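As a plain string of letters, each chain reads:
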Amino acid sequence: MRSPLLRRLGLTAVLAAVLAVFGFSTLASADPAPAALTFSTDSATTTPGGSVKLSMTLTNNKTYDVLFVYQTIDPTWLTTQRPDLKYSFAGCSLAAADGSTTSCAGTGPTNLGTNYGTTIPPGQSRTVTLTLQVAANSGCNGNIGFYSYFYAEFSDGTNSNGGPVYTPETRVLCS
């Protein structure tokens, strides 16, 4: 006579195998984040007195409009450990969907999200470019880098958090 315990273990093994094959395969094909933030710079290096353009692109991967974005930008820990590196954000521009560029405000460390303009339709992106100005009396041979957190609200009432997202570092060189 067969043991009911062996029958249960066999059924459990079959269920585990099915879940392993089908359950884990859905994890590999996960949807992209509802909103994605990426950074780029126009140069990897600069000199004291020079500037670098830091571009932030927010992409709406959802099927609903992005209605609101809150974003911060702060120096990385290594950047804060070099008090001889002197820099500031000197300008801000928004590249609209039609390719036009407008000025934006709020180049401080918080609430950069308002710079993305009004709504961001599904599948579209908005790019905000900050001008990082390195002081003429800045120290040399150090990297300036930032990280950012963001929060986006969509027209379907959902929201998304992201971060930290790190910028490419800019190396300040002396000639």
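Residues numbered from 1 in each chain as written. Predicted model: local features only at pLDDT ≥ 70, side-chain atom pairs only at ≥ 80, totals over all residues. Heavy atoms only, no water.

(A) Region of the structure containing the environment of Lys62. Its location among the elements puts Lys62 in the loop between strand E3 (51–60) and strand E4 (66–75). In this structure, the C-alpha to C-alpha distance between Lys62 and Pro121, residues 59 residues apart in sequence, is 8.7 Å. Separated by 3.0 Å, the side chains of Lys62 and Asp156 make a polar contact. (Helix = DSSP H or I, 4+ residues; strand = E, 2+ residues; numbered from the N terminus. Polar contact = N/O pair within 3.5 Å; in protein donor to acceptor, adjacent residues only side chain to side chain.)

(B) Quick peek at the side chain of Thr57. Along the chain, Thr57 falls in strand E3. In this structure the side chain of Thr57 is engaged in a polar contact, spanning 2.9 Å, whose partner is the side chain of Thr127. When neighbours within four sequence positions are excluded, Thr57 is seen to be in contact with Ala36, Leu37, Thr38, Ser125, Arg126 and Thr127. (Contact = heavy atoms within 4.5 Å.)

(C) A look at the pattern of salt bridges. Following the criterion strictly, the structure yields two salt bridges and no others. Where Asp156 meets Lys62, a salt bridge forms, and the shortest distance between an N and an O atom there is 3.0 Å. Here Lys62 lies in the loop between E3 and E4 and Asp156 lies in the loop between strand E9 (146–154) and strand E10 (159–166), a separation of 94 residues in the sequence. (Salt bridge = Lys/Arg side-chain N within 4 Å of Asp/Glu carboxyl O.)

(D) Examining the packing of aromatic side chains more closely. All chains considered together, the criterion is met by five aromatic pairs. Ring geometry for Phe68 and Tyr151: centres 6.4 Å apart, planes at 65°, overall edge-to-face. One end of the pair, Phe68, is in strand E4; the other, Tyr151, is in strand E9, and 83 residues separate them in sequence. Judged by its relative accessible area of 37%, Phe68 falls in the partly exposed class. The exposure class assigned to Tyr151 is partly exposed, which follows from its relative accessible area of 22%. Here Phe89 and Phe146 contribute two aromatic rings whose centre-to-centre distance is 5.2 Å and whose plane-to-plane angle is 40°, an arrangement assigned as tilted. Residue Phe89 is located in strand E5 (residues 87–95), and its partner Phe146 is located in strand E9; the two are separated by 57 residues in the primary sequence. Among the residues examined, Phe89 registers a relative accessible area of 19% and is labelled buried. Taking relative accessible area as the criterion, Phe146 reaches 4% and is therefore assigned buried. (Phe/Tyr/Trp six-rings, centres within 6.5 Å; stacked < 30°, edge-to-face > 60°. Buried < 20%, exposed > 50% of the residue type's maximum accessible area, 1.4 Å probe, protein only.)

(E) Looking closely at the state of the cysteines. Counting across every chain of the model gives one disulfide. A sulfur-sulfur distance of 1.4 Å marks the disulfide that ties Cys140 to Cys174. Between Cys140 and Cys174, the S-S torsion sits near 45°, and that sign places the bridge as right-handed. In this pair, Cys140 is assigned in the loop between strand E7 (125–134) and strand E8 (142–144) and Cys174 in the segment after strand E11 (170–172), connecting sequence segments 34 residues apart. Given the relative accessible area of 18%, Cys140 is considered buried. (Disulfide = S-S within 2.5 Å.)

(F) Quick look at the sheet that holds E5. Taken in spatial order, the five strands make up an open sheet running E1-E3-E7-E5-E6, and their pairing is antiparallel. The strands lining the two open edges of the sheet, one partner per strand, are strand E1 (35–41) and strand E6 (101–103). Strand-to-strand twist in this sheet, taken as the mean axis angle between neighbours without regard to direction, amounts to 25°. Pairing geometry for E5 and E7, over eight bridges, is antiparallel. Bridging across to E7, Tyr87 finds its partner in Val134. (Pairing = 2+ DSSP bridges. Axes fitted to C-alpha atoms, helices over the stretch in contact; angles between N-to-C directions.)

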